[in-house]
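Tertiary structure, described
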Amino acid sequence: MIALLDILILIAVAAAVLYLLRPGAPSAEAERLNRVLAELRRQRRRFKNALAKPLDEAIAYGLELRKLLPRLAEVERLSRREGLEPATIGRLRAHRDALQEAYEEGVRFLENFSAELVLWQGPQMPGGLGHLQDLRAALGEMLSQRPPR
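Residues numbered from 1 in each chain as written. Predicted model: local features only at pLDDT ≥ 70, side-chain atom pairs only at ≥ 80, totals over all residues. Heavy atoms only, no water.

1. Details of the packing of helix α2 (residues 28–47) against helix α3 (residues 52–66)
Note the threshold: Each axis is a line fitted through C-alpha atoms, taken for helices only over the stretch in contact, and angles between the N-to-C directions span 0 to 180 degrees. What counts as a helix is a DSSP run of H or I of at least four residues, what counts as a strand is a run of E of at least two, and both are numbered from the N terminus. Between 65 and 115 degrees an angle is taken as roughly perpendicular, under 35 as roughly parallel, over 145 as roughly antiparallel, and anywhere else as oblique. Left-handed describes a crossing in which the near helix is turned anticlockwise from the far one by less than a right angle; the clockwise case is right-handed. Two residues qualify as a contact provided that any one of their heavy atoms is within 4.5 Å of a heavy atom in the partner residue.
Relative orientation of the contacting elements α2 and α3 amounts to 165°, with a least axis distance of 10 Å. Here α3 runs roughly antiparallel to α2, going by the angle between their axes. In the packing of α2 onto α3, the handedness of the crossing is left-handed. Judged by residue contacts, L33, N34, L37, L40, R41, Q43, R44 and F47 of α2 engage A52, L55, D56, A58, I59, G62, L63, L65 and R66 from α3.

If you want it as structure tokens, here you go:
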């Protein structure tokens, strides 16, 4: 009986630890990106080979956009440190604003691209696809920059 009680206590402790270590609920920003990525994946199955490459590129771009969220959180955390000089706070906020704008522009693009696919009749490429390469290049540059410390 004591062995069974010990096992139950161990299970309860393990469950509590796992509950505390689980990642937090996704932010509204992350949820919005997750929704559009799910829609693009659904459309990828629908269009199969006709738009495979553009949809794969759009999905890859969305996955790259996710990398901005931890950077945004880090810059936000740093900008709230006490004792920072006003100039440093200003640079951190400007960097945060640039990251936020790039993220918002990317999500808007993916949402619009996803909506354009509903209207696509073929054989020409869906509207706005040319802009994807520019966005990917700009995002690549932003992700390769070292965050301010």
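2. Here's the deal with the nonpolar core
As a reminder of what qualifies: Residues enter a nonpolar core if they are buried and are Ala, Val, Leu, Ile, Met, Phe, Trp, Tyr or Cys, with the set joined through side-chain atoms within 4.5 Å. Remark: exposure states derive from per-residue accessible area (1.4 Å probe, protein chains only) relative to the maximum for the residue type, with buried under 20%, exposed over 50%, and partly exposed in between.
Core analysis: the largest hydrophobic core is formed by 31 residues, its most contacted members being L33, L40, Y61, L65, L68 and L110. Taken together, the elements giving at least two residues each to this core come down to α2, α3, α4 (68–79), α5 (86–119) and α6 (129–144). By residue number, the principal contributor to this core is α5, which donates 9 residues.

3. Things to note about α4
Stated precisely, the cut-off is as follows: An expected span of 1.5 Å times one less than the residue number is assigned to each helix.
The end-to-end C-alpha distance of α4 is 16 Å, a good match for the 16 Å that 12 residues give at a rise of 1.5 Å each. Of the residues making up α4, those classed as buried are L68, L69, L72, V75, L78 and S79.

4. Details of the side chain of Q43
Put simply, the rule reads: Under this definition, polar contacts are N or O atom pairs within 3.5 Å; protein pairs additionally need one hydrogen-donor-capable and one acceptor-capable atom, and for neighbouring residues in sequence, both atoms have to be side-chain atoms.
With respect to the helices and strands, the residue Q43 is situated in helix α2. Within polar-contact distance, the side chain of Q43 engages the backbone oxygen of S114 at 3.0 Å. If we ignore the near neighbours within four places in the chain, the residues touching Q43 are L55, S114, L117 and V118.

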